Amino acid sequence: MLEEQGPEWMSEEVKTGTTIIAVEFDGGVVLGSDSRVSAGASVVNRVMNKLSPLHDRIYCALSGSAADAQTIAETVNYQLDVHSMELGQDPLVCSAATLVKNISYQYKEELSAHLIVGGWDRRGGGQVYATLSGLLTRQPFALGGSGSSYVYGYLDAEYRAGAGRTDTQRLVVDTLSLAMSRDGSSGGVAYLVTIDGDGVEEKVFLGNELPTFYDQ
Amino acid sequence: MAAAATMMFGQEQMVSSNNDMAPDWTSKEVSTGTTIMAVEYDGGVVVGADSRTTTGAYIANRVTDKLTPIHDRIFCCRSGSAADTQAIADMVTYQLGFHSIELDEMPKVETAANLFKASCYRYREELTAGIIVAGWDKRRGGQVYSVPIGGMCVRQQVSIGGSGSSYIYGFMDANYKPGMTKEQCMELVTNAVSLAMERDGSSGGVVRLAAISESGVERRVVLGGQLPKFFTN
């Protein structure tokens, strides 16, 4: 091959091989994500916030192909704006999740992105919906991304129904930290978004602020 | 239907062929898609495993014993192809037994691990075997050696393996601490294997445990109804 091809990562697809989590608590939800975006072996963005707003009190967590995930999130953001204007009030989390599911299902052969939707509305309080492969299911907590495999056991063991806000935030940060230390495609900083009836709180945990475990 | 096959000249006659009538697992290899683990404590080791052996989607054995004794105080946990791991374990049992008689001494766990490594590395292209070797000897006490697919050998304080292990890396990182007692290790292993069994389709059945120390081997089984209960959807 005589042509100049450039470095390998220029021709690799950009993926958010990642860890994303959403956990419901009494009165709201906490969403969390890592911040690594990789193209092959290269980290092209080490500080990307994968928690994307769909509406005032509804966020989604992105995983899979970065382009696909971002496009779905922007499309649903627009659709929700129109919908809430027609309604004259804030949309339900279920509606947002259904819009995400519709796109994921209709284009399931072409897209490779998984979005977890979490938010608060007046009717149902805090809710988490998973939309993997175009299904729609409400769950007390949802995991996604390549790093999620390593922490299913931990979250199964530690999740308690009806936990409070700070306990749930700590659980999400601990889970993210464990996944980021085991998954090569997850890393960087941890972003947290907490949504309840009073509003939205965004937090960042830098590398040295993350909890460490026995072998670190 | 595929059963009504047409005879063509030159076509090989098959005694049994995979037609639509036979379930697909009749042509799948038997594998211990599994969850295995071993933990060191002061004075010995605790090994644990699930009990499911699958051929495709069929569970060929739901009460398998994947904790195989290699010598009086040395066990191995088997994952991967059931045939490959049984064959390797039998070979190592013979080799180690012979070596122990020659030396007139109890064999070292490191020796057993190296014997596994020798076979797994030499035949790495043909084998699918992920093995954890654990036991007690008087030189170094309780030891755990991991011999994963590919044939490397490394000593670790805690080792997990098999398809179900992916789901409990986070749990183990968070809950293992050096300096635990035997009972704490038993509980940790039981909890970890249960969590993995809950999430991994290839793991299930009962949890088998063995605690190996200078005084002997204590075996336990935790049956389905007695498994620890965690939150599940």
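Look above for the structure.
Thresholds, definitions, all that
- Residues numbered from 1 in each chain as written.
- Chains lettered and ligands numbered in written order.
- Predicted model: local features only at pLDDT ≥ 70, side-chain atom pairs only at ≥ 80, totals over all residues.
- Heavy atoms only, no water.
- Pairing = 2+ DSSP bridges.
- Helix = DSSP H or I, 4+ residues; strand = E, 2+ residues; numbered from the N terminus.
- Axes fitted to C-alpha atoms, helices over the stretch in contact; angles between N-to-C directions.
- Contact = heavy atoms within 4.5 Å.
- Core = buried A, V, L, I, M, F, W, Y, C linked by side-chain atoms within 4.5 Å.
- Buried < 20%, exposed > 50% of the residue type's maximum accessible area, 1.4 Å probe, protein only.
- Salt bridge = Lys/Arg side-chain N within 4 Å of Asp/Glu carboxyl O.
- Parallel < 35°, antiparallel > 145°, perpendicular 65-115°, else oblique.
- Left-handed = near helix turned anticlockwise from the far one by under 90°.
- 1 Å grid on protein atoms, 1.4 Å probe; cavity = no way out; pocket = protein on both sides within 12 Å on 5 of 7 lines; lining within 4 Å.
- Points joined across faces, edges and corners; volume = space filled by probe spheres on them.
- Phe/Tyr/Trp six-rings, centres within 6.5 Å; stacked < 30°, edge-to-face > 60°.

A.B. asks: I'm lost on the sheet that holds strand 12 (residues 207–213) of chain B in this one. Help?
C.D. replies: In a beta sheet, neighbouring strands pair by backbone hydrogen bonds and run either parallel or antiparallel. All names here are of chain B. Spatially, 11-2-3-12-13 is the arrangement adopted by the five strands of the open sheet, whose pairing is antiparallel. Whereas interior strands pair on both sides, the edge strands pair on one side only; in this sheet they are strand 11 (158–161) and strand 13 (216–222). Between one strand axis and the next, the sheet turns by 15° as a mean value, whatever way the strands run. Helix 4 (residues 182–199) contacts strand 2 (36–41), strand 3 (44–49), strand 12 and strand 13 of the sheet and is inclined by roughly 155° relative to strand 12.

A.B. asks: What is the right way to read the nonpolar core from this model?
C.D. replies: Proteins that are soluble and globular tend to have nonpolar side chains buried together. Formed by 50 residues in total, the largest nonpolar core has its most connected members in Met-37, Val-46, Phe-171 and Met-172 of chain B. Broken down by element, the residue count for this core peaks at nine residues, all from helix 4 of chain B. Core analysis: the next-biggest nonpolar cluster, separate from the first, contains 21 residues, Val-37, Ala-73, Val-100 and Ile-103 of chain A among them.

A.B. asks: Help me understand the sheet that holds strand 13 (residues 199–205) of chain A, please; the structure alone is not making it clear to me.
C.D. replies: Residues and elements named next belong to chain A. Ordered by their spatial adjacency, five strands build an open sheet running 11-2-3-12-13, and the pairing between neighbours is antiparallel. On the outer flanks of this sheet lie strand 11 (141–144) and strand 13, each paired with one strand and no other. For this sheet, the mean angle separating the axes of adjacent strands, direction not counted, is 10°. Here seven bridges tie strand 12 (residues 190–196) to strand 13, and the two strands are oriented antiparallel to one another. Bridging from a neighbouring strand, Ala-190 pairs with Phe-205 of strand 13. Along the sheet, helix 4 (residues 165–182) makes contact with strand 2 (20–25), strand 3 (28–33), strand 12 and strand 13, crossing strand 12 at roughly 155°.

A.B. asks: Whenever I open this one, the pattern of salt bridges confuses me. Can you help?
C.D. replies: Once their charged atoms are close, side chains differing in charge can pair, the charge on each being opposite to the other. All names here are of chain A. Across all of its chains, the model carries 16 salt bridges over all chains by this definition. A salt bridge links Glu-24 to Arg-138; the shortest N-O distance between them is 3.2 Å. On the criterion of sequence distance, the pair formed by Glu-24 in strand 2 and Arg-138 in strand 10 (residues 137–139) is long-range, its members being 114 residues apart. Residue Arg-138 is classed as partly exposed on the basis of its relative accessible area, which comes to 43%. Among the ionic pairs, Glu-201 bridges to Lys-203, the shortest N-O distance being 3.6 Å. Among the residues examined, Glu-201 registers a relative accessible area of 27% and is labelled partly exposed. Linked by salt bridges that have partners in common, Arg-165, Asp-196, Glu-201 and Lys-203 make up one network.

A.B. asks: Where do I start with the environment of Asp-121 of chain A in this structure?
C.D. replies: Residue and element names in this part refer to chain A. Within the element layout of this structure, Asp-121 appears in strand 8 (residues 113–121). Sequence separation between Asp-121 and Cys-94 is 27 residues, and the spatial gap between their C-alpha atoms is 9.1 Å. Beyond its immediate chain neighbours, meaning those up to four positions away, Asp-121 contacts Pro-91, Leu-92, Val-93, Cys-94 and Gln-127.

A.B. asks: Could you clarify how one ought to interpret the packing of helix 1 (residues 82–103) of chain B against helix 2 (residues 109–122) of chain B in this entry?
C.D. replies: Two quantities define a packed helix pair, namely the angle between the helix axes and the distance between the axes. Residues and elements named next belong to chain B. For the pair helix 1 and helix 2, the least separation of the axes is 10 Å and the interaxial angle reads 135°. Considering their axes alone, helix 1 and helix 2 lie oblique with respect to each other. Crossing of helix 1 over helix 2 shows right-handed handedness. Here Ile-88, Ala-89, Met-91, Val-92, Gln-95, Leu-96 and His-99 of helix 1 lie close against helix 2, whose contacting residues are Thr-111, Ala-112, Leu-115, Phe-116, Ser-119 and Cys-120.

A.B. asks: Please clarify how empty space enclosed by the protein should be interpreted in this entry.
C.D. replies: A probe matching the size of a water molecule, rolled over the atoms, marks out where space remains unfilled. Residues and elements named next belong to chain B. Counted under the stated rule, the structure contains one cavity of 30 Å³ or more. In this structure, the largest cavity encloses a volume near 30 Å³. Considering the residues around the largest cavity, the lining is formed by Cys-120, Arg-124, Leu-127, Thr-128, Ala-129, Ile-149 and Gly-150.

A.B. asks: Explain the packing of aromatic side chains to me, please; I cannot follow it from the model alone.
C.D. replies: Each aromatic ring pair is described using two quantities: the centre-to-centre distance and the angle formed by the ring planes. For the structure shown, the criterion picks out four aromatic pairs over all chains. Ring centres of Tyr-150 of chain A and Tyr-169 of chain B lie 5.5 Å apart, and the angle between their planes is 75°; on these two criteria the pair is classed as edge-to-face. Here the residue Tyr-150 of chain A occupies a position in the loop between strand 11 and helix 3 (152–158), and Tyr-169 of chain B occupies one in helix 3 (residues 169–175), the pair thus bridging two chains. Of the residues examined, Tyr-150 of chain A reaches a relative accessible area of 21% and is grouped as partly exposed. Ring centres 6.2 Å apart and planes at 40° place the aromatic pair Tyr-94 of chain B and Phe-98 of chain B in the tilted group. Here Tyr-94 of chain B and its partner Phe-98 of chain B are both found in helix 1, four residues apart, which amounts to about one turn of the helix. Residue classification places Phe-98 of chain B among the partly exposed residues on the basis of a relative accessible area of 48%.

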